[in-house]
Amino acid sequence: MDHNADAFRTDLMTITRFVLNEQSKHPESRGDFSILLSHIVLGCKFVCSAVNKTTYCSQLNTCLAGLAKLIGLAGETNVQASEEQMTILSLSFSTHWLLLCLLQHYVPGEEQKKLDVLSNEVFVKALVSSGRTCILVSEEDEDAIIVEPSKRGKYCVVFDPLDGSSNIDCGVSIGTIFGIYMIKDGGEPSLEDVLQPGKNMLAAGYCMYGSSCTLVLSAGSGVNGFTLDPSLGEFILTHPDIKIPKKGKIYSVNEGNAKNWDGPTAKYVEKCKFPTDGSSAKSLRYIGSMVADVHRTLLYGGIFLYPADKKSPNGKLRVLYEVFPMSFLMEQAGGQSFTGKERSLDLVPKKIHERSPIFLGSYDDVEEIKALYAAEEKKA
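Here the structure is a predicted model, which is why all the values come from computation and not from measurement.

Peer 1: Sorry if this is basic, but what is going on with the side chain of Thr 14 here?
Peer 2: In this structure, Thr 14 sits in the loop between α1 (3-9) and α2 (15-23). Thr 14 gets classed as buried once you look at its relative accessible area, which sits at 18%. Only 3.1 Å separates the side chain of Thr 14 from the backbone nitrogen of Arg 17, close enough to count as a polar contact. With residues near it in sequence (within four places) discarded, Thr 14 still touches Glu 234, Phe 235 and Ile 236.

Peer 1: Is there a simple way to think about the sheet that holds strand β9 (residues 250-252) in this case?
Peer 2: Backbone hydrogen bonds are what pair the strands of a sheet, in a parallel or an antiparallel way. Here 5 strands make up an open sheet; going across it, the order is β10-β9-β11-β15-β13 and the pairing mixed. The sheet terminates laterally at β10 (283-284) and β13 (336-338), the two strands that pair on one side only. Pairing analysis gives 3 bridges linking β13 to strand β15 (residues 358-361), with the strands arranged antiparallel. Looking at the pairing, Phe 338 lines up with Phe 359 of β15. Together, β9, β11 (303-306) and β15 form the strand contacts of helix α8 (residues 290-300), whose direction differs from that of β11 by roughly 150°. Set on the sheet, helix α10 (residues 363-379) makes contact with β11, β13 and β15; between it and β13 the angle comes to about 25°.

Peer 1: Any chance you could explain the pairing of strand β7 (residues 224-229) here in plain terms?
Peer 2: The side chains of a regular strand alternate between both faces of the sheet. Most of β7 sits inside the fold, with 6 of its 6 residues counted as buried. Where burial is concerned, the two faces of β7 agree: the one with Asn 224, Phe 226 and Leu 228 and the one with Gly 225, Thr 227 and Asp 229 are both buried. Across 4 bridges, the pairing between strand β6 (residues 213-218) and β7 is antiparallel. Within β7, the position partnered with Leu 217 by the bridge is Asn 224. In this structure, the hairpin formed by β6 and β7 is closed by a connection of 5 residues, where Gly 220 is found at a positive phi of approximately 95°. Hairpin connection of β7 to strand β8 (residues 234-239): 4 residues between the antiparallel strands, including Gly 233 at a positive phi of 70°.

Peer 1: What is the right way to look at a positive patch on the surface in this model?
Peer 2: Together, Lys 259, Lys 311, Lys 316, Lys 351 and Arg 355 give the surface a local cluster of positive charge. With respect to the helices and strands, the residue Arg 355 is situated in strand β14 (residues 355-356). A relative accessible area of 35% means that Arg 355 is categorised as partly exposed.

Peer 1: Hey, could you run me through the packing of aromatic side chains in this one?
Peer 2: Each aromatic ring pair is characterised by the separation of its centres together with the angle its planes make. The full count for this structure, using the stated rule, is 6 aromatic pairs. On the basis of an interplanar angle of 70° and a centroid distance of 5.8 Å, the ring pair of Phe 338 and Tyr 373 is categorised as edge-to-face. Of this pair, Phe 338 sits in strand β13 while Tyr 373 sits in helix α10, and the two are 35 residues apart along the sequence. Both residues of the pair, Phe 338 and Tyr 373, belong to the buried class. Among the aromatic residues, those joined into a cluster by ring pairs are Phe 338, Phe 359 and Tyr 373.

Peer 1: For this particular structure, what's the right way to read the packing of α8 against helix α9 (residues 319-332)?
Peer 2: Axis angle and axis distance: for two packed helices, these are the angle between their axes and the distance between the axes, and together they describe the pair. Between α8 and α9, the shortest axis-to-axis distance is 11 Å and the interhelical angle comes to 15°. Between α8 and α9, the angle falls in the class roughly parallel. Where α8 crosses over α9, the handedness of that crossing is right-handed. Of the residues in α9, those touching α8 at Met 290, Val 291, Val 294, Thr 297 and Leu 298 are Glu 322, Met 326, Leu 329 and Met 330. Residues that form the contact of α8 with α9 fall into these classes: 7 nonpolar, 1 polar and 1 charged.

Reading guide: rules and limits
- The numbers attached to residues start from 1 for each chain and follow its sequence in the written order.
- Only residues with pLDDT of 70 or above have their local features reported here, since the model is predicted, and side-chain atom pairs are shown and tallied only from 80 upward, although totals for entire chains, interfaces and linings are computed over all residues.
- Excluded from the side-chain calculations are hydrogens and water; all other atoms, namely the structure's heavy atoms, are used.
- Numbered from the N terminus, helices here are DSSP runs of H or I no shorter than four residues, and strands are runs of E no shorter than two.
- The classification of residues rests on relative accessible area computed with a 1.4 Å probe and restricted to protein chains. Under 20% of the type maximum is buried, over 50% is exposed, and intermediate values are partly exposed.
- Each polar contact in these results corresponds to two N or O atoms within 3.5 Å; when the atoms are within protein, one needs to be able to donate a hydrogen and the other to accept it, and residues that are neighboring in sequence are counted only if both atoms are side-chain atoms.
- The contact criterion used throughout is that any non-hydrogen atoms of two residues lie within 4.5 Å.
- Note on pairing: two strands pair once DSSP finds at least 2 bridges between them.
- A fitted line through C-alpha atoms serves as each axis, taken over the contacting stretch for helices, and the angle formed by two N-to-C directions is quoted from 0 to 180°.
- In this analysis, a patch consists of residues with relative accessible area above 30% that form no salt bridge, clustered at 9 Å for like charges and at 5 Å for the nonpolar side chains Val, Leu, Ile, Met, Phe, Trp and Tyr.
- Surface accessibility follows the Shrake-Rupley procedure with a 1.4 Å probe radius. Residue values consider only the protein chains on display as shielding.
- We count a salt bridge whenever a side-chain nitrogen from Lys or Arg sits within 4 Å of a carboxyl oxygen from Asp or Glu.
- As used throughout, the charge tally considers Lys and Arg to be positive and Asp and Glu to be negative, leaving His and the chain termini uncounted.
- By convention, the point assigned to a charge is CZ for Arg, NZ for Lys, CD for Glu and CG for Asp.
- The rule is short: rings of Phe, Tyr and Trp, with Trp giving its six-membered ring, pair when the centres are within 6.5 Å, and they are stacked under 30 degrees, edge-to-face over 60, tilted in between.
- We call two directions roughly parallel when the angle between them is under 35 degrees, roughly antiparallel when it is over 145, roughly perpendicular when it lies between 65 and 115, and oblique otherwise.
- In this scheme the handedness of a crossing depends on how the near helix is turned from the far one: anticlockwise by less than a right angle means left-handed, clockwise means right-handed.
- Residue polarity follows a fixed list, in which Ala, Val, Leu, Ile, Met, Phe, Trp, Tyr, Cys and Pro are nonpolar, Asp, Glu, Lys and Arg are charged, and the others, Gly among them, are polar.

Shown next as structure tokens:
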């Protein structure tokens, strides 16, 4: 046993230690915000575990369904054994026994609770049980949740419990996005407490579930990234003080919608592919999971675009729990976020599931698209 290595691992900067260190800089703090964050972290750990299990079970079911057909256990009559069947039949008795045990538990078509629904329940319970929240807005719930008086605190949390969940079966990174507001003193919590501009947010972050589980957080003084160490069950600081490059080499957009774009967006993407100033063309990278696309943009630079178009004139992404938290993080890391008309964080939503276009990323890249929209407006 390497005792020195084990001793070193106890000196890691965990997210709990990091938050408590930050709390100590504010003598007036009573620890409420730290407790709320600890409950969000617990929810992320739970969802990470559920995502891993769901991905594994999905892959196992696909595999076992194929094997069941292969060795004639799926109600089919095999006239002549194929080479693959002969290989399976030649397995050792112990391996064959294990396969049969697995097949006993395989039930074609059996569905468990959808992961996005489960994730929503996890976060709602985690946030309410913290005793520090008063109103919650979730992508999964049509109405805002007002916390019962005995469990109320002074924070409002807006969140998308599982962004990109439709991609889980193909192994694409998905994630949780959240933003935190503080309510005004006194009075009953109401929608006015969350229908505020994003610049009033106290904190924002996302947790990405992929090849590793990464939580990126900002409480208004920079952006830091933490990676879950499964052996410890702790998020460890791995990306301190993230700063997005001032200009990037990547653009991220769904070009399948190109025929419906407005002029400035079409011109910008054309410029990315065919620059006229002698610079290199940008590379297109589009995953289709906002958390994954924004995470890459944050680390490598470039721009993420989800513009309005003829089919969706108000954009597709939700203001409160997608546009605002990601814009908050991007600005804290030195980037920008723009709606096509104004700074994203200056928007004042009128309803909890309102949508907006968004262009966010490296400062200089967003400046370019802002200039194109300004030129278009001048023409009009």
